[in-house]
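# Observations on the three-dimensional arrangement
The primary structure of each chain is shown beneath.
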Amino acid sequence: MSSFADLAQYVIEGAESQVREQVKSLTAQGVNPLEIINQGLIAGMSVVGTRFKAGDMFVPEVLMSARAMSAGIEIVRPLIAETDMPSFGKVVLGTVKGDLHDIGKNLVGMLLESSGFKVINLGVDISPEQFVQAVKEHNPDIVALSALLTTTMTAMKETIELLQEEGLKDKLKIIVGGAPVSMDFADQIGADGYAPDAGSAADLCKKILCL
Amino acid sequence: MIELDEMDDDLRKIHEASMAVLEQTGMRFHHPKVLEIMRQNRIRIEGQTAFFTREQVIDWVSKAPTHFKMHARNPNYDFVVGGDHVEVCPGSGSSFVCEVDGTKHAALMSDYINFLKLYHQSSYYKVNGGIVVQPTDIGRSTIALMLYATMVFSDKVIITGTGTAKEVEQLMDMLGIVFGGKTSLADKPRCLTIVNTNTPLQFDTNMLETMMVFNKYKQPVVIAAASMAGTTAPMTLAGTIALANAEVLAGIAVAQMINKGTPVIYGSQSTTSDMRTGSIAIGAPEGALAYQYAARLAKSYGLPCRGGGTLTDAKTLSVQAGYESMLTLLASYSAKTNLIFQSSGIIDSYNSMCYEKFIADLEIIGMVKRYIDGVKVDAETLAVDEITKVGIAGQFLTSDHTMKHFRKEPFLPDISLRGAVAGDPSAKLMDNIKTKKDKLLASYCQPEMSPEVQGKLVEYLLECGYDSKLIESLT
């Protein structure tokens, strides 16, 4: 008999194939797909989050868990109406113009997804115009800007200014991150939030959306 | 000269792995002109990716000079880059200034000038400038103003920032004004800059533009990778070193295609990632190892090298800052890394410069230099006659031999506490640090620059559209 506890444990272990089997078995038993997500997949991921913050789980393990959870969600997604999918909100994410640094931003993306956000990852070297385009297309709750270079962090300001000019800024929250970025800099350029590392980005998103 | 046969087994394996990466996976160059130059030199290009055969890599890398001399405005500061010669070089790239307790503020132009003065004052340094901090209060295009300040406040060998081709050409115009014309710059290396790869296996547009301009005027470029094991590079150090090696060699090969014989420096700041957070760990023992391997590889390719520093991930001027900085400097210094950038002031994983750590790091540099000097063994230093003279149960404090050597043989600490200390020792140590910093700044004397040359520089900056008040504030 499959159980939510087993499913959560497989998520914690990052055991993707077991998660798939377990989810399939639970759906075959007629278990409510939303319960599978909430009591199995998200329950497991929340343990992962706690252990990550305590320094007991390392980044690669968290990412394996996140991947396993996503695999489970993909199986039940067709069974749930889009509007019923549990989500904290939609985040458009990208590295700003001139900057090719990808990995830190992707880490943020994966951790946001595993915390229950829908993430649209635009990639690297994203111009202010491309961010504006993406906001018009996806209508996100949050735009997350990344930069690693002191020479490209100024493109964050330009992106925020263009969102403002286009009248989009007030409809969403903007967060920034990356090695040269600080809370002061975030305030200076009119961002709504700053997280010093990938682990705290999800908490920041929840906080600024008052969740 | 490239001495592949001289490589030990491990270096040879790393080299072979790097060659396989460049042949099979290639490297992406985000610049059409650079791609065209490579194509003309029969490098296989697909899209923006260049694939090098090992023969091509070796052939082009071997065109780079094994060593060259840097010429300062004041010839007392000239030095050779290459061989076993080691020079410490300033911190580079931080956009914050950090207090002892970890409080940070955005770096300002006044901090930039303060650090120029401090580097000018320290006798350990023959080099100054670059991005000693990245000032946040002088607008977007900053490298020309930073170079101007560097030349006004110091006459040591010059480091510059990086930027677009247009911005870097401005730097060359300014150097031309100071050093007898832009066209004669190619005769002597006058300034250094650092261009970084984007690990894994990319080179961005700005870095390539900077490199092309520097190559054109035959000014030396450090081509450096800062690969992070576990995130931007394989988790295992050997793979990370091989990947960084591939990137740097590809960059050096391209520099030689742009201008044969242009001086380049093999650079690596590669280290591990901290797998708990995904952050870079610059003070890690894996970093120390990677800086050493980079130096060994560069030397076997017959290239001058750059790496390491007094590096730390500590957030405050703490015991962690001390032990990490000592490890990384000792590792890079003992590997005879020719240029050790980031050798003072760096804290918080390259994010910040700290005045007090700058002073503490000078102490570390002094200790490491003394350690590397080793023990001189000869009749005078063995002092057998002296031992005989003093005899059993005697003392050496008052002997002539002691008088002759006591200021020369041991390292003389500037700030460290030894012996009995009255009062709070921690406060005393911090007081020593602050006193030394204040003394260095108070005794700073601006080196001379001909008013005519300075006038021409100002005129040039005004022509380029820089704010006159801002320029005036930099004197």
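Residue indices begin from 1 for each chain and proceed along its sequence in written order. In the order they appear in the text, chains get letters beginning with A and ligands get numbers beginning with 1. Thresholds applied to this predicted model are a pLDDT of at least 70 for local features of residues and 80 or more for the giving and counting of side-chain atom pairs; totals over whole chains, interfaces and linings are not thresholded and use all residues. Only hydrogens and water are set aside; all other atoms, that is, all heavy atoms of the structure, feed into the side-chain values.

### Details of the pairing of strand β2 (residues 117-126) of chain A
Residue and element names in this part refer to chain A. This is how it is decided: Note on pairing: two strands pair once DSSP finds at least 2 bridges between them. Put simply, DSSP H or I for four residues or longer makes a helix, DSSP E for two residues or longer makes a strand, and each gets a number counted from the N terminus. Handedness is read with the strands pointing away from the viewer; a crossover is right-handed when the path from the first strand over the helix to the second is clockwise.
Across 7 bridges, the pairing between strand β1 (residues 89-96) and β2 is parallel. Counterpart to V91 in the pairing with β2 is V119. This β-α-β element, β1 to helix α5 (residues 103-114) to β2, shows right-handed connectivity.

### What about the UniProt feature "domain: B12-binding" (unreviewed entry) in chain A?
As a reminder of what qualifies: UniProt positions are given in the numbering used here, feature names are shortened, and annotations may be inferred rather than shown by experiment.
Per the UniProt annotation, the sites labelled "domain: B12-binding" (unreviewed entry) are residues 88-211 of chain A. Here residues 88-211 of chain A is 42% helix and 24% strand, with 8 Å between the C-alpha atoms at its ends.

### Quick notes on the packing of helix α1 (residues 4-13) of chain A against helix α2 (residues 16-28) of chain A
Residue and element names in this part refer to chain A. Convention followed: Helix axes use the C-alpha atoms of the stretch in contact, all axes being lines fitted to C-alpha atoms, and the angles between their N-to-C directions lie in the range 0 to 180 degrees. Should an angle fall under 35 degrees it is taken as roughly parallel, and over 145 as roughly antiparallel, whereas 65 to 115 is taken as roughly perpendicular and any remaining angle as oblique. We call a crossing left-handed when the near helix sits turned anticlockwise from the far one by less than a right angle, and right-handed when that turn is clockwise. Throughout, a residue-residue contact means that at least one pair of heavy atoms, one from each residue, lies within 4.5 Å. In the scheme used here, Gly and all other residues not listed as nonpolar or charged are polar, with Ala, Val, Leu, Ile, Met, Phe, Trp, Tyr, Cys and Pro taken as nonpolar and Asp, Glu, Lys and Arg as charged.
Between α1 and α2, the shortest axis-to-axis distance is 9 Å and the interhelical angle comes to 160°. Here α1 lies roughly antiparallel to α2, going by the angle between them. At the point where α1 passes α2, the crossing takes the left-handed sense. Where α1 abuts α2, its residues F4, D6, L7, Y10 and V11 lie against Q18, V19, Q22, V23 and L26. Each residue belonging to the contact of α1 with α2 can be placed in one class, and the counts come to 7 nonpolar, 2 polar and 1 charged.

### Examining the domain arrangement of chain A
All names here are of chain A. To keep things clear, this is the line we draw: Marked domain ranges trace back to an automatic or database domain assignment. Accessible surface is computed with a 1.4 Å probe, and the buried area is the amount of it that two parts give up when combined, taken over both parts together. One side-chain nitrogen of Lys or Arg within 4 Å of one carboxyl oxygen of Asp or Glu is enough to make a salt bridge. Identification of polar contacts relies on pairs of N or O atoms within 3.5 Å, with a donor-acceptor requirement for protein atoms, meaning one able to donate a hydrogen and the other able to accept it, and with residues adjacent in sequence counted only if both atoms are side-chain atoms.
Taken domain by domain, chain A comprises domain 1 (4-84) and domain 2 (89-208). In this structure, domain 1 and domain 2 have C-alpha centres spaced 27 Å apart. Across the domain 1/domain 2 interface, buried area totals approximately 630 Å², and carbon plus sulfur atoms make up 76% of it. When residues of domain 1 are sorted by the area they lose upon contact with domain 2, F52, K53 and L63 head the list and together hold 48% of the total. For the interface between domain 1 and domain 2, the tally reads 1 salt bridge. Its salt-bridge partner being D203, residue K53 comes within 3.1 Å of it at the nearest N-O pair. Along the contact surface separating domain 1 from domain 2 lie 1 residue pair in polar contact (both at pLDDT 80 or more).

### Looking at the side chain of B:Q269
Residues and elements named next belong to chain B. The cut-off we apply is this: The buried label applies to any residue whose accessible area, calculated with a 1.4 Å probe on protein chains only, is under 20% of its type's maximum; exposed applies above 50%, and partly exposed to all values in between.
Assignment of secondary structure puts Q269 in the loop between β15 (264-268) and β16 (271-273). Given a relative accessible area of 4%, Q269 falls into the buried group. In terms of polar contacts, Q269 uses its side chain to reach the backbone amide nitrogen of G308, at 2.9 Å. Residue contacts for Q269: discarding those within four places in its chain leaves A225, A226, Y291, R306, G307, G308, L311, Q342 and Y350.

### Regarding the domain arrangement of chain B
Residue and element names in this part refer to chain B. Partitioning chain B into domains gives domain 1 (68-373) and domain 2 (379-442). At the interface, 17 residues of domain 1 touch 14 residues of domain 2. Broken down residue by residue, the surface that domain 1 buries against domain 2 is led by I359, E363 and R370, which jointly contribute 42%. Where domain 1 touches domain 2, the interface holds 3 salt bridges. R370 is paired through a salt bridge with E409; the nearest N and O atoms lie 3.6 Å apart. Counting across the interface, domain 1 meets domain 2 through 6 residue pairs in polar contact (both at pLDDT 80 or more). Within the residue set of the side of domain 1 that touches domain 2, elements represented by two or more residues are α4 (109-121) and α11 (355-373). Element by element, the count of residues in the side of domain 1 that touches domain 2 is highest for α11, at 10 residues. Residue composition of the side of domain 1 that touches domain 2, grouped by class: 10 nonpolar, 3 polar and 4 charged.

### Digging into the interface of chain A and chain B
In this assembly, 19 residues from chain A lie in contact with 16 residues from chain B. The contact between chain A and chain B buries some 1600 Å² in all, and 58% of this surface belongs to carbon and sulfur atoms. Counting the surface chain A buries against chain B, the share from its top three residues, A:L100, A:I103 and A:T150, is 32%. Where chain A packs against chain B, one counts 0 salt bridges. Taken together, the links from chain A to chain B amount to 3 residue pairs in polar contact (both at pLDDT 80 or more). Looking at the side of chain A that touches chain B, the elements with two or more residues in it are α4 (59-76), α5 and α7 (154-165) of chain A. By residue class, the composition of the side of chain A that touches chain B is 11 nonpolar, 7 polar and 1 charged.

### Overview of the pattern of salt bridges
A complete count under the given rule lists 30 salt bridges over all chains for this structure. Here A:K136 ties to A:E166 by a salt bridge, and the two come within 3.1 Å at their closest N and O atoms. Here A:K136 is found in helix α6 (residues 128-138), whereas its partner A:E166 is found in the loop between α7 and β4 (173-177), with 30 residues between them in sequence. Accessibility expressed as a relative area gives 37% for A:E166, which makes it partly exposed. In this structure, B:E16 engages B:R54 in a salt bridge whose closest nitrogen and oxygen atoms are separated by 2.3 Å. Linking B:E16 in helix α1 (residues 9-24) with B:R54 in helix α3 (residues 54-61), this pair joins segments that are 38 residues apart in sequence. With a relative accessible area of 24%, B:R54 lands in the partly exposed category. One network of salt bridges, in which partners are shared, links B:R12, B:E16, B:E23 and B:R54.

### Considering the packing of aromatic side chains
Note the cut-off: Centres within 6.5 Å are what make two rings of Phe, Tyr or Trp a pair, Trp counting through its six-membered ring; a difference in plane orientation under 30 degrees is then read as stacked, over 60 as edge-to-face, and the rest as tilted.
This structure, assessed with the given rule, holds 9 aromatic pairs over all chains. When the ring of A:F88 is compared with that of A:F117, the centres are 5.6 Å apart and the planes differ by 50°; the resulting orientation is tilted. Note that A:F88 is positioned in the loop between α4 and β1 and A:F117 in strand β2, a separation of 29 residues in sequence. Measuring from ring centre to ring centre gives 4.4 Å for B:F115 and B:Y355, while their planes differ by 5°; the resulting arrangement is stacked. A residue pair is termed long-range when its members are at least 10 positions apart, and B:F115 in helix α4 and B:Y355 in helix α11 qualify at 240 residues. We classify B:F115 as buried; its relative accessible area is 0%.

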